[in-house]
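Chain and residue survey
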Amino acid sequence: MDLKELQLTPRRLAILKALDINDVEGLLRYYPYRYEENVTKAFKEWQKGDNLLFEGRLLSYPGTYRFGKRAITRFKVLYDEEVINVTIFNRPWIKNLKENATLVIKGRYDGQNNFTALNYTTHSLNEELGIKAVYSLKEGMRQSDIAKMVDKALKTAIIKDNLPQEFIERHGLISLEEAYRNIHFPTSKSALKKAIVRLKYDEFLRFYLVLESRRQVSLTPKEVKDFSMDKMATAIKNLPFELTLEQKKALGEILEDLKKPLTMTRLMQGDVGSGKTIIAALALYANSLSSYMGAFMAPTSVLAKQHYQSLSKLFPNLNIALLCGNKKDNGDIKKAISEGKYDIVVGTHALFSDDVYYPNLGLVVTDEQQRFGVKQRHKLKNKGQNVDLLMMSATPIPRTLAASIYGDMEVSTIEGLPMGRKGCDTYLIKENSIVSIIDKIKEALKAQRQVYFIAAAINKSEALNVKDAVHLYAALKDLFKTYRLGLLHGQMSEEEKDKVMEAFLNGDINILVATTVVEVGVNVVNATMMIVYDADRFGLSQLHQLRGRIQRGYERGKCFLLTANKDAEALKRLKVLEKSNDGFYIAQEDLKLRGPGDIIGTRQSGIPSFILGDIMNDTLIVEAAKKDARELLKRRDEKVMDEYYREIDDKAILNAGD
Ligand code: ADP
Ligand code: MG
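Residues numbered from 1 in each chain as written. Chains lettered and ligands numbered in written order. Predicted model: local features only at pLDDT ≥ 70, side-chain atom pairs only at ≥ 80, totals over all residues. Heavy atoms only, no water.

1. Notes on empty space enclosed by the protein
- This structure, assessed with the given rule, holds three cavities of 30 Å³ or more.
- What lines the second largest cavity is simply Asp 271, Val 272, Gly 273, Leu 417, Arg 421, His 544, Gly 548, Gln 551, Arg 552 and Asn 581. (1 Å grid on protein atoms, 1.4 Å probe; cavity = no way out; pocket = protein on both sides within 12 Å on 5 of 7 lines; lining within 4 Å. Points joined across faces, edges and corners; volume = space filled by probe spheres on them.)

2. Things to note about the site of ligand 1
- Close to ligand 1 lie 16 residues, the nearest being Glu 242, Gln 247, Gly 273, Lys 276 and Thr 277.
- With respect to ligand 1, the side chain of Thr 277 contributes an N or O atom lying 2.6 Å from an oxygen atom.
- Computed on the free molecule, ligand 1 has an accessible area of 560 Å², of which 77% lies beneath the protein chains in the complex.
- When the residues that make up the shell around ligand 1 are grouped by side-chain class, the tally is four nonpolar, seven polar and five charged. (Near = heavy atom within 4 Å. Polar contact = N/O pair within 3.5 Å; in protein donor to acceptor, adjacent residues only side chain to side chain. Areas by Shrake-Rupley, 256 points an atom, 1.4 Å probe, with all protein chains shown as cover. Nonpolar A, V, L, I, M, F, W, Y, C, P; charged D, E, K, R; others polar.)

3. As for the sheet that holds strand 14 (residues 388–393)
- In space, the seven strands of this open sheet follow the order 11-12-10-13-14-9-15, with parallel pairing throughout. Lying at the two open borders of the sheet, with one neighbouring strand each, are strand 11 (320–323) and strand 15 (410–414). Sheet twist, expressed as the average angle between the axes of neighbouring strands with direction ignored, equals 20 degrees.
- Sheet topology note: the strand 9 (residues 265–270)/strand 15 ladder contains five bridges and is parallel. In the strand pairing of strand 15, Leu 267 is matched with Val 411. (Pairing = 2+ DSSP bridges. Helix = DSSP H or I, 4+ residues; strand = E, 2+ residues; numbered from the N terminus. Axes fitted to C-alpha atoms, helices over the stretch in contact; angles between N-to-C directions.)

4. Description of the pattern of salt bridges
- A complete count under the given rule lists 35 salt bridges for this structure.
- Lys 106 is the salt-bridge partner of Glu 36, the closest N and O atoms lying 2.7 Å from each other. With Glu 36 in strand 1 (residues 34–38) and Lys 106 in strand 6 (residues 102–111), this residue pair connects regions lying 70 residues apart in the sequence.
- As a salt-bridge pair, Glu 253 and Arg 266 come within 3.6 Å of each other at their nearest N and O atoms. Taken as a pair, Glu 253 in helix 9 (residues 245–259) and Arg 266 in strand 9 lie far apart in primary sequence, 13 residues in all.
- Residues joined by salt bridges that share partners form a network here, namely Glu 166, Arg 170, Asp 628, Glu 631 and Arg 635. (Salt bridge = Lys/Arg side-chain N within 4 Å of Asp/Glu carboxyl O.)

5. What about the side chain of Ser 541?
- Within the element layout of this structure, Ser 541 appears in helix 18 (residues 540–547).
- Sequence-distant contacts of Ser 541, defined by excluding residues within four places in its chain, comprise Thr 395, Ile 586, Ala 587 and Asp 590. (Contact = heavy atoms within 4.5 Å.)

6. A closer look at the confidence of the model for the protein chain
- Model confidence for the protein chain is summarised by a mean pLDDT of 87, while 92% of its residues fall at 70 or above.
- Note on residues 647–658: pLDDT under 50 across the span, and 24 contacts to partners over four residues away in sequence or across chains. (pLDDT = per-residue confidence, 0-100.)

7. Considering the nonpolar core
- The biggest cluster of nonpolar side chains holds 50 residues, and the ones touching the most others in it are Tyr 208, Ile 337, Val 345, Tyr 358 and Ile 615.
- The dominant element in this core, judged by the number of residues it contributes, is helix 7 (residues 189–218), at seven residues.
- Those residues in contact with Ile 615, other than ones at most four positions away along the chain, are Phe 204, Phe 207, Tyr 208, Leu 401, Ser 404, Ile 405, Phe 610 and Val 622.
- One finds Ile 254, Met 268, Ala 286 and Ile 344 within the second-largest nonpolar core, a separate group that totals 38 residues. (Core = buried A, V, L, I, M, F, W, Y, C linked by side-chain atoms within 4.5 Å. Buried < 20%, exposed > 50% of the residue type's maximum accessible area, 1.4 Å probe, protein only.)

8. Considerations on the environment of Ile 183
- Within the element layout of this structure, Ile 183 appears in helix 6 (residues 176–184).
- A sequence separation of ten residues divides Ile 183 from Lys 193, and the C-alpha atoms of the two residues are 8.3 Å apart.
- When residues no more than four places from it in sequence are discounted, the contact partners of Ile 183 are Tyr 31, Pro 32, Tyr 35, Leu 192, Ala 195, Ile 196, Leu 199 and Leu 612.

9. Focus: the packing of aromatic side chains
- One pass over the full model with this rule turns up 14 aromatic pairs.
- Between Phe 54 and Phe 115, the aromatic rings sit 5.0 Å apart at their centres with planes inclined by 80 degrees, giving edge-to-face as the arrangement. Here the residue Phe 54 occupies a position in strand 2 (residues 51–58), and Phe 115 occupies one in strand 7 (residues 114–121), the gap between them amounting to 61 residues. An identical accessibility class is assigned to Phe 54 and Phe 115; each is buried.
- On the numbers, 4.8 Å between centres and 5 degrees between planes, the contact of Tyr 285 with Phe 315 is stacked. Of the two residues, Tyr 285 is situated in helix 10 (residues 276–289) and Phe 315 in the loop between helix 11 (301–314) and strand 11; the sequence distance between them amounts to 30 residues.
- Counting every residue linked through ring pairs, the aromatic cluster contains Phe 43, Trp 46, Phe 54, Tyr 79, Tyr 109 and Phe 115.
- Geometry around Phe 89 places Arg 70 over its ring, the cationic atom sitting 4.2 Å from the centre. (Phe/Tyr/Trp six-rings, centres within 6.5 Å; stacked < 30°, edge-to-face > 60°. Lys NZ or Arg CZ within 6 Å of the ring centre and 35° of its normal.)

10. Thoughts on the packing of helix 10 against helix 11
- Where helix 10 meets helix 11, the closest approach of the two axes is 11 Å, and the angle between their N-to-C directions is 60 degrees. The pairing of helix 10 with helix 11 is recorded here as oblique in orientation. Judged by the sense of rotation from one axis to the other, the crossing of helix 10 with helix 11 is right-handed. For the pair helix 10 and helix 11, the contacting residues are Thr 277, Ile 278, Ala 281 and Leu 284 in the first and His 307, Leu 311 and Leu 314 in the second. (Parallel < 35°, antiparallel > 145°, perpendicular 65-115°, else oblique. Left-handed = near helix turned anticlockwise from the far one by under 90°.)

11. A word on the side chain of Asn 182
- Structurally, the position occupied by Asn 182 is in helix 6.
- Contact partners of Asn 182, with chain neighbours within four places excluded, come to Thr 187, Ala 191, Leu 192 and Ala 195.

12. A closer look at the domain arrangement of the protein chain
- The domains assigned to the protein chain are domain 1 (40–128), domain 2 (229–260 + 275–393) and domain 3 (424–581).
- On a C-alpha basis, the centres of domain 1 and domain 2 stand 73 Å from each other. (Domains from an automatic or database assignment.)

13. Comments concerning the environment of Gln 309
- Inspection of the secondary structure assignment puts Gln 309 in helix 11.
- Separated by 37 residues in sequence, Gln 309 and Val 346 place their C-alpha atoms 9.7 Å apart.

14. Overview of the sheet that holds strand 18 (residues 485–488)
- The strand order across the open sheet formed by six strands is 16-21-20-17-19-18, and the pairing between neighbours is parallel. Each edge of the open sheet is held by one strand with a lone partner, namely strand 16 (424–429) and strand 18. On average, each strand axis in the sheet is inclined to that of its neighbour by 15 degrees, with strand direction left out of account.
- Bridge count between strand 17 (residues 450–454) and strand 20 (residues 527–532): five bridges; the pairing is parallel. Residue pairing for strand 20: Phe 453 is matched across the bridge by Ile 531.
- Along the sheet, helix 17 (residues 494–505) makes contact with strand 17, strand 18, strand 19 (511–514) and strand 20, crossing strand 18 at roughly 140 degrees.
- Helix 18 rests against strand 16, strand 17, strand 20 and strand 21 (557–562) of the sheet, and its axis sits at about 150 degrees to strand 20.

15. What to know about the packing of helix 11 against helix 17
- At their nearest, the axes of helix 11 and helix 17 sit 9 Å apart, and the two run at 55 degrees to each other. By the angle between their axes, helix 11 is oblique relative to helix 17. Like other packed secondary-structure pairs, helix 11 and helix 17 cross with a definite hand, here right-handed. On the side of helix 11, the interface is formed by Ser 301, Val 302 and Lys 305, while helix 17 contributes Glu 494, Asp 498, Met 501 and Glu 502.
- Looking at the contact of helix 11 with helix 17 residue by residue, the class counts come to two nonpolar, one polar and four charged.

What follows is the structure, encoded as structure tokens:
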């Protein structure tokens, strides 16, 4: 409904605009961020420090004093046959009140008949008692502005409730209109609770209607893949190591999917170093045994190249190609792809450029899926017909939570790490400098170990006060004169990056100064130390990924997180990494702090987000909404779909099938 129908004053309309509220629904969904309970009591029960409300009669004309910029106003009121001395700040206009006026005053009792008022009104006491909403505001706005507009919206708008009656009854929900009324103007605590439950349920229902419909779109029929399990068993036996139980389970789930007559949409999640690549490689092998071509997409050319090398080593009998950005022989490779000459093509985004044609694409694997958008993934998938899709993520979340958040795909989870992983010790250094650890760095270099330095920015910027890679590189070059240094960041050309990375891999570079380009997958076993400047600028999962780079080698890694940030919250967050090396736990902490949008990359994908809902803690409501969404989709209830889909970007649903 249009805001015009509320006939608001220009000032109020400007307030809505400033709060980014564009329609009546948006106003109704501008929920309070907290509530206050207003109570009153007889004077003899007042205790020093009590926050309360009382109705008194003005006895003296208020006098106003200036104290610096503050206006202090004092007056006396009569309450319960006691004279109360009231002080109020910055309300000089209070002196316009009539003597003997009745005032409702809210604030704190300071003892000895002195009261500091926060607020006063001339409304009746009853109007002010009870639970009151508190909205988050910007300058020049008053709580009453929002309350009055919401009240008007509730009186004007016709709030349709299209949720089937039997769902309302099944869960004991209140109507949508009642829910909106009570979240803004709760008549009691239990009424407020019921309102919150109904509105959370609606948020989750929206969420699951989109996820579930996407899932149904993604389950399109396909030709089953036919491969020899004996050959698979031989390949597994010939691996240089034994697969862990968790790896075997994940592989089993994937192979089952390949054999099904419906396309696979599966996420394989596991901590950094849990051994996802080998499972993806075996899936690609099964796909090629079924006479299909496979594509393996990585977010950087460095990583693509690494995968290309390990696949070539694993399967010397397969025809494998590497296709990255501006490689010189790309033309020839593209031609060979179109002629169906390869079993597997490994590469970057170049894999789905318009001039690449795959005659019989059967399986697409994306590594580090959080780095790709939904669109990119589907662009590659749509290079073939009814292609199976396997995505890999190193931001793993607990299985049950994964089932809630990734409702539109199947999830395989690899818990634990292969035996013999060395792990890493992490230290929080409360200054953005290496002075206190310089000896440790020198020691590592002397022992022929390689060291990463990570910076949050490439170049110096006026706006951000952070160490930048370019200056850091210059400074470290001065400091470590006898060692060779390399610089790696996203603004370098692919060729330059490859050259630096290769030199680091070969040990020709001792110190690599880099941005988060090294975050993903890079595997240099001799690198055992990492120093991260401005660590507070990174997400927890990102830092965990970064330090994954130094846990691949001969000895335990050492990771130093530097920060000059004194904020207690920021430090507490970083301490999580000092204490835990468990990617599942860390992702969950990240999720708590930043919400699911950032973790699973749904922000741009059109999946509705939650205002009230907390997917980690509202388990019962989540389960109910998920089940109901499935039921509604099965019934194809037009009325409900219309109501709940209306504001959802159509693309959210279409993306799944495009
Ligand atoms: P990630 O899951 O982070 O992508 P990788 O797939 O790169 O991890 O695996 C990390 C390393 O562990 C690789 O060198 C890989 O060869 C090795 N690896 C994988 N599985 C096993 C296993 N079952 N036993 C021993 N080493 C393994
Ligand atoms: Mg990996």
